[in-house]
Amino acid sequence: SILDTMREVAMQKKGYLRLGIPYGLGRILFDELISDFSVEYPDIVIDLCGHGSQHIQELVLEGKIEIGACIQPPQIPDALETLPLMHDRFFLLVHQSHPLSARSSVSYSDLKHESFYMLNNDYTMTMVTKENCARAGFTPSIRLIVNRSDIMADLVSKGQGIAVIAGGRWRYENYPNLKILDLMDGENDFDITIITKKGAYLPYAAKYFIDFCKTRLLPYSEAQI
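What counts as what
Residues numbered from 1 in each chain as written. Predicted model: local features only at pLDDT ≥ 70, side-chain atom pairs only at ≥ 80, totals over all residues. Heavy atoms only, no water. Axes fitted to C-alpha atoms, helices over the stretch in contact; angles between N-to-C directions. Helix = DSSP H or I, 4+ residues; strand = E, 2+ residues; numbered from the N terminus. Parallel < 35°, antiparallel > 145°, perpendicular 65-115°, else oblique. Left-handed = near helix turned anticlockwise from the far one by under 90°. Contact = heavy atoms within 4.5 Å. Nonpolar A, V, L, I, M, F, W, Y, C, P; charged D, E, K, R; others polar. Core = buried A, V, L, I, M, F, W, Y, C linked by side-chain atoms within 4.5 Å. Buried < 20%, exposed > 50% of the residue type's maximum accessible area, 1.4 Å probe, protein only. Pairing = 2+ DSSP bridges. pLDDT = per-residue confidence, 0-100.

(A) Main features of the packing of helix 2 (residues 23-40) against helix 6 (residues 204-217). Axis separation between helix 2 and helix 6 bottoms out at 11 Å; the angle between their running directions is 120°. By the angle between their axes, helix 2 is oblique relative to helix 6. The crossing of helix 2 and helix 6 is right-handed. In contact with Leu-29, Phe-30, Glu-32, Leu-33, Ile-34, Asp-36, Phe-37 and Glu-40 of helix 2, helix 6 contributes Ala-205, Tyr-208, Phe-209, Phe-212, Cys-213, Arg-216 and Leu-217. Considering only residue class, the contact of helix 2 with helix 6 consists of 11 nonpolar, no polar and four charged.

(B) Representation of the nonpolar core within the structure. Residues Phe-30, Leu-92, Leu-93, Leu-111 and Phe-209 are the most contacted members of the largest nonpolar core, which totals 62 residues. Look past the residues within four positions of Phe-209 in its chain and what remains in contact with it is Leu-17, Leu-19, Phe-30, Leu-33, Ile-34, Phe-37, Ile-67 and Ile-194. Counting nine residues, the second largest nonpolar core, distinct from the first, contains Leu-59, Val-60, Cys-70 and Ile-195.

(C) Looking closely at unusual backbone geometry. Note that the residue after Gln-72, namely Pro-73, is joined by a cis bond; omega there is 5°. As for its placement among the helices and strands, Pro-73 is situated in the loop between strand 3 (67-72) and strand 4 (80-95). Cis peptide bonds are those with omega within 30 degrees of zero, and the linkage from Pro-73 to Pro-74 qualifies with 15°. As for its placement among the helices and strands, Pro-74 is situated in the loop between strand 3 and strand 4. In this structure, Asn-177 is a non-glycine residue whose phi angle is positive, near 70°. Looking at Asn-177, the relative accessible area reads 32%, which means it is partly exposed.

(D) Structural detail: the pairing of strand 9 (residues 178-183). Here strand 4 pairs with strand 9 via four bridges, running antiparallel. Across the sheet, residue Leu-93 finds its bridge partner in strand 9, namely Ile-180. Where strand 5 (residues 105-106) meets strand 9, two bridges bridge the pair, whose relative direction is parallel. Bridge pairing links Ser-105 to Asp-182 in strand 9.

(E) Region of the structure containing the confidence of the model for the protein chain. Looking at the protein chain, the pLDDT average stands at 89 and 91% of residues meet or exceed 70. Per-element averaging of pLDDT across the protein chain places strand 11 (residues 221-222) at the bottom with 48 and strand 5 at the top with 98. In this model residues 3-8 is a low-confidence stretch, pLDDT under 50, and it forms zero contacts with partners more than four residues away in sequence or in other chains. Below pLDDT 50 for its whole length, residues 220-225 participates in 16 contacts with residues either more than four positions away or in separate chains.

Structure (structure tokens):
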């Protein structure tokens, strides 16, 4: 009956969604998206975890979370389905008193003698930075390893070290004491991508979230850079 159908639809809009998002991608894209989704689907509970892209891929493959978000490239395993949501670029943060701050862009070779703040190796941002430095002929000198990109920005703003950041440069345009520089070489373009396990059962909550992302963010768009 129509009443039974309405009751079934109402029940589908309840549920539990396990979602993994790297902290930086939350700030760039997902914080507002998840907030808006929660308003539209107030009876869906979101269990949110924050890790690096590599660990989130493992959690999706192991079935411990239904949906993850990550940076691509590097190549995502064939066992995962991908939905690209946004394109962005890596950039460099230096203190406004740094000699490089007089420039608008730099090459990785210009950073050979600098001290870097980085995330751990679970994060694509760190892997890409190290690979780009290697292509420029050096191993980066790491001053400190932290667990969030906003902490990296805070440290740079205090005048010591530099940081390569993955996208969302608008977050730092009015940040005190920071200068944002373009990176002229290396592999700096990336996609923010939703991942799910191929062939895995997706609860209604996960399907609603994916459809919500498609409605809000597709067609595939450029980030605010």
